[in-house]
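Descriptive analysis of the structure
The lines below spell out each chain.
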Amino acid sequence: MSHLGLLPLALPAAAFVALRLGALAVPPGREGYADRAVAGGTLTAALFVVGIRLLGAVNLFVPWAFAGALAVAAVALALVRREVRFAFPWRELADRTTAPLLAVVVGALAITVVAAVLLPVWQWDALGYHLPYVDFALQARGTAGIPRDMPYISTYPHNAELLFLGLRAMLPDDGLVDLAQIPLGLLGAVATAGIAARLGASRSLAVAAGAAWLVVPAVFLQLPTDYIDVTAAAFLLAAIHFTLAPPSTRRMLLAGVALGLFLGTKPNAPMGTALVGAVLLARGSRAKLLAPTLAALGIAFVLGGEAYVTNIVRHGNPVWPVEMNLGPLHLPGTEKLALVMGAGAAAPRLRGPVLIRIVRSWLTLDSFPTFDMRIGGYGPLFLLALVPLGWLLVRSVRKRDAGLVLLTLATLAAPDPAVARYVLAFPALALAASAVLLTTTRFEPLRRWAPVAAAVIALWQVRYAFVGLTGDGPPLVDYVRMSDRERAVAVGAVGSPEALIDAAARVGPGESFAFDKTFELGHVAWPADLHGRAAWVPQGLSASAFEDLIERENAAIVAVGDDTSGGSWLKQHPERFLPLFPCRSMPCTLYARR
C-alpha cells in the first residue's frame, strides 16, 4: 500500500468527475452513451490540464494542493442540481460473436496494468523527455522550474505531461506512474466505438472495434509507458468523434476541447489539427453554427496553442528547435528533422521514399516488438481493416462528402507516417470502418464469424507483442518475486541502469545531480521518491560559469558532454571530481565529487 499514496482516493474522485461532467454535458438519451462517455473523459482531461497549469503558476505543485483541487471539483459537481442519470444498456455491449474479442482485450488490459505496476520506468522518451518535465516541475513546485533552454522539454507542448504530473503528485514514488496512459487509452477506445456507431455500426460491433484498437501491437505496447502517443491519438479520436456528429453547439464546443488537448500534446499536431478544424468549420457553417464553431476553434487554440506561440515569439519557429523547410518557407532551428526522427531507442528503421516505407511497415508482421517500433506494429487486424476503410472512403466521396477523407488524412499527418506510434489514430478509423461493413453486409456468415476470427487474431497480436513489454529484461512473471531494488535495475533504455542508479544514490541531502543535454536519460538523476535534487547545466556556459554552477548547486554527480567547457573543466580537475563511466548513447561522462 505504501506505493499507492493518494491514489485510492484520487481514482474514485476522478472517475466521479468524469461521469458527472459527461452526464452534465450530454443530455440523457438512448443515443447519447458514446457522446457522454467521450465528453466525460475529454472534459475531465481538460479540467485537469487547466487546473494543473493554474497550480503551477502559483507554485502549488504539492500533493495536498492536487488532492484539494480534485476534491473541490468533485464536491462542486455533486452540488449541481440537475438530473444526470447515467444508465447504460450493459447487455448491449457484446453479443455472442463479439464476446470472445472483448474477453481477449480485457485480458490484454490486465496485462498492461500488471506491467505498469511491476516494471520500472525504462522507456527511452519517458526517461529522456516526458518525466524530466514532471520531475523539474515537482522539484520547483511549479512550471517556473522547467529549464528554459532544455531541448524539447522547454519548447514542446505538454498537455500529456501535465496529466502525468497530476498522477505523479499523488504518489510517493514513480512505481505506478506508468499507469498514466491506460485510462487515456480507454478514452481512445470509447471514441473509436463512438466513431464506428456514428458511421453506422451496430452497438456491439462498434464496441468491438474500439476494443480491438487496444490490442493493435503499437497501442498495447505503449499503454503501460509514459510515452504520449496513445494520449495524443485518444484526443484526436475524441475530436473526430464529435466532428462527425450532427452539428450542434454542444458538440462543436466538445470537438474544440478535444482538438485543443490534441494540439497541446505533440509538436506534430498542427497539421492534423488544421484538417480536423477545417472539417469542423465546414460542417458548422453548413449548419448555420458559425459562431459556436469559431468559439470551438478558439478553445482549441487556448488549450493547445501556447507552446507554438511562445516558440514563434522567441525563435520564429513554432516547432523549435527543429529546423523545417516547407517549400519556400524556412523555419530556423538547431536540430535537423532527420536527426530528431532518428533519435531515441535504437530500433530498426526503414529507408527510402515515404510511400514505400508506409507499405513496407504496414506489411511487416514479424519485427521485434517494442514500445518505439519504427517498422511494423500495426498487426494483421489492421491490414484486414484497410479494405473496409477504403470502401467507406469511396462511399463518402461518392456522396460528395470529403469530410471523412480529410479526417482520415488528419490521422496520417505526421513527420513519418510509416512509424506506427505517430499515427495510432489511423488504425482506429480502419477498425471502425470494419464494424460498419460487418453491420451493413448481407453476407451473414461474414457477420457471424468475422468477430470470432478477430478474437483469434487479437490473441495472436497480444502474444506477439507481449515480449516487447519487458525489452531485454527478464520475463514479466519474474518481477513478482523481485525486491524494489531488483526491479529497478532489471531493465533499462540502454542496458541495465544499475550503474546510473548507484551513481544517483551518491547524491546526499542538500546535494544535486547536475546534467546537460548530452545526458539523455534525465529522469535517472532523481531518486524514485524525488527526495533528491537535480540541476540543469545550460548550454554554452564558460568554464568559470560552469564551476560557479556546480558549486552553487552543490553537485555531487555531474554528467556533461566531453566536448563542452564543463567536460573540459572536469578533466582538468581530477583532484575534485572522479570520472565514473561514459554515457552509453552520447559522448558524455559521469563524474563524482571526491
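Being a predicted model, the structure only gives us computed values, none of them experimental.

Calculation notes
Residues numbered from 1 in each chain as written. Predicted model: local features only at pLDDT ≥ 70, side-chain atom pairs only at ≥ 80, totals over all residues. Heavy atoms only, no water. Axes fitted to C-alpha atoms, helices over the stretch in contact; angles between N-to-C directions. Helix = DSSP H or I, 4+ residues; strand = E, 2+ residues; numbered from the N terminus. Parallel < 35°, antiparallel > 145°, perpendicular 65-115°, else oblique. Left-handed = near helix turned anticlockwise from the far one by under 90°. Contact = heavy atoms within 4.5 Å. Nonpolar A, V, L, I, M, F, W, Y, C, P; charged D, E, K, R; others polar. Expected span 1.5 Å × (residues − 1). Buried < 20%, exposed > 50% of the residue type's maximum accessible area, 1.4 Å probe, protein only. Core = buried A, V, L, I, M, F, W, Y, C linked by side-chain atoms within 4.5 Å. Phe/Tyr/Trp six-rings, centres within 6.5 Å; stacked < 30°, edge-to-face > 60°. Pairing = 2+ DSSP bridges.

**A word on the packing of helix α12 (residues 269-286) against helix α18 (residues 403-412)**
For the pair α12 and α18, the least separation of the axes is 8 Å and the interaxial angle reads 160 degrees. When the axis of α12 is compared with that of α18, the two are roughly antiparallel. Note that α12 runs across α18; the crossing there is left-handed. Contacts between α12 and α18 involve G272, L275, V276, V279 and R283 on the former and, on the latter, G403, L406, L407, L409 and A410. By residue class, the composition of the contact of α12 with α18 is seven nonpolar, two polar and one charged.

**Observations concerning helix α4 (residues 99-118)**
Here α4 contains 20 residues, and its C-alpha end-to-end distance of 29 Å stays within 8% of the 28 Å for a straight helix at 1.5 Å per residue. Among the residues of α4, those classed as buried are L101, L102, V104, V105, A108, L109, T112, A115, A116 and L118.

**Regarding the nonpolar core**
Formed by 187 residues in total, the largest nonpolar core has its most connected members in W213, F513, F515 and L590. Here the element with the most residues in this core is helix α10 (residues 229-244); it accounts for twelve residues. Beyond its immediate chain neighbours, meaning those up to four positions away, L590 contacts L500, A503, F513, F519, I557, V558, A559, L578, P579, L580, F581 and C583. With 13 residues, the next largest nonpolar core counts L549, I550, V560 and Y591 among its residues.

**What to know about the packing of aromatic side chains**
One pass over the structure, following the stated rule, counts 19 aromatic pairs. Seen from their ring centres, Y152 and Y156 are 5.2 Å apart, and the 50 degrees between their planes marks the pair as tilted. On the accessibility criterion, Y152 (13% relative accessible area) is buried. Taken together through their ring pairs, the aromatic side chains of F136, F513, F515, F519, W526 and W536 make up a single cluster.

**What about the pairing of strand β4 (residues 512-515)?**
For a regular strand, the rule is simple: side chains alternate between the two faces of the sheet. Residue alternation in β4 divides its side chains into two sets, S512 and A514 and F513 and F515, and both sets are buried. As judged from the four bridges shared by β4 and strand β6 (residues 555-561), these two strands associate in the parallel manner. Its bridge partner lying in β6, F515 is registered against A559. Across three bridges, the pairing between β4 and strand β5 (residues 534-536) is parallel. Note on β5: the bridge partner recorded for F515 is W536.

**Some words on the pairing of strand β8 (residues 588-593)**
β8 sits mainly inside the fold: five of its six residues count as buried. Of the strand pairs in this sheet, β6 and β8 are connected by five bridges, and their pairing is antiparallel. Residue pairing for β8: V560 is matched across the bridge by T589. Judged from the five bridges that link them, strand β7 (residues 577-582) and β8 form a sheet pairing that is antiparallel. Within the sheet, the bridge partner assigned to P582 lies in β8 and is T589. With antiparallel pairing between neighbouring strands as the criterion, β7 and β8 make up a hairpin whose turn holds five residues.

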